[in-house]
Amino acid sequence: MAKCELCGRELQGLAYRIRLEGAELIVCPACARGKTIIGTVNFSRTQPPRQIKTAPKPKKPVEVEQTIVENYGDIIRNAREKMGLTRDMLAAMVGEKESIIRRIEAGQLEPTIELARKLEKVLKIKLVEEIIDYEMESGDLKNYDITLGDIAEFKD
């Protein structure tokens, strides 16, 4: 049987879908008092649970982070040597100093995303990775049980 997500009581009959600090919860009538109600859910024993009057969920934005691959120096040096270019020639092609290219190849300096894009274009290699952060919708949590790892904080 379903339980109230605030107090833990069994839900029988009519329950409420509320929004509390940005989270959507299904709660008993006692816990719904004074909260923003966005819909109702019927938990009668004769009928399967169904939702009534639910508000549409707003879309969560997805964050995309760009990072440079780990072994960028080796990749750049190998591609440059394979094309038969010197550091001076490569530096002129991307509009940088030769010392910057030398430090990047040695792994002492990580290129900016802009410089990495220029190097990708000239050397025909892949240096920039996109890391996509998907935000979970409340529907994704239907079969999710809380574990100790979700609650505990680990010290290093």
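J.: Break down the environment of Ile75 for me, citing the residues and quoting the values.
T.: Within the fold, Ile75 resides in helix H2 (residues 72-83). Judged by relative accessible area, Ile75 falls into the partly exposed class, the value being 24%. Sequence-wise, Ile75 and Lys126 are 51 residues apart; in three dimensions their C-alpha atoms are separated by 8.6 Å. Those residues in contact with Ile75 that sit more than four places away from it in its chain are Val69, Ile125 and Leu127.

J.: I'd like a description of unusual backbone geometry, backed by residues and values.
T.: Of note, Lys124 is a non-glycine position whose phi angle comes to about 55°, a positive value. Along the chain, the position of Lys124 falls in the loop between helix H5 (113-123) and strand S6 (128-133). With a relative accessible area of 69%, Lys124 lands in the exposed category.

J.: I'd love a proper account of the nonpolar core, names of residues and values included.
T.: By size, the foremost hydrophobic cluster in this structure holds 20 residues, and its most contacted members are Ile76, Leu90, Val94, Leu119, Leu123 and Leu127. Listing elements by their share of this core, those giving two or more residues are H2, helix H3 (87-94), helix H4 (98-105) and H5. In terms of residue count, the dominant contributor to this core is H5 (5 residues). Contacts of Leu127, omitting those with residues within four sequence positions, involve Thr67, Ile68, Val69, Tyr72, Ile75, Ile76, Ala116, Leu119 and Glu120. Listed in part, the 12 residues of the second largest apolar core include Ala15, Cys28, Ala32 and Phe43.

J.: For the pattern of salt bridges, give the residues involved together with the corresponding values.
T.: Close approach of charged atoms lets side chains of opposite charge pair. For the coordinates displayed, the defined rule picks out 9 salt bridges. With its nearest N and O atoms 3.0 Å apart, the salt bridge here joins Asp74 to Arg77. Placement of both Asp74 and Arg77 in helix H2 is noted, with a separation of 3 residues, approximately one turn of the helix. For Asp74, a relative accessible area of 38% corresponds to the partly exposed category. For Arg102, the salt bridge goes to Glu98, with nearest N and O atoms at 4.0 Å. Of this pair, Arg102 and Glu98 both sit in helix H4, 4 residues apart, which is roughly one turn of the helix. Owing to a relative accessible area of 39%, Arg102 belongs among the partly exposed residues under this scheme.

J.: Give me the pairing of strand S3 (residues 36-43): which residues, what numbers.
T.: Among the 8 residues that make up S3, 6 are buried, leaving the element largely enclosed by the rest of the structure. When strand S1 (residues 13-20) meets S3, the two strands line up antiparallel, connected through 7 bridges. Paired with Gly13 across the strands is Phe43, a residue of S3.

J.: Please provide a residue-by-residue account of the side chain of Glu120, values included.
T.: Looking at the element boundaries, Glu120 is found in helix H5. Setting aside chain neighbours within four positions, we find Glu120 in contact with Ile125, Lys126, Leu127 and Val128.

Conventions we followed
Residues numbered from 1 in each chain as written. Predicted model: local features only at pLDDT ≥ 70, side-chain atom pairs only at ≥ 80, totals over all residues. Heavy atoms only, no water. Helix = DSSP H or I, 4+ residues; strand = E, 2+ residues; numbered from the N terminus. Buried < 20%, exposed > 50% of the residue type's maximum accessible area, 1.4 Å probe, protein only. Contact = heavy atoms within 4.5 Å. Core = buried A, V, L, I, M, F, W, Y, C linked by side-chain atoms within 4.5 Å. Salt bridge = Lys/Arg side-chain N within 4 Å of Asp/Glu carboxyl O. Pairing = 2+ DSSP bridges.

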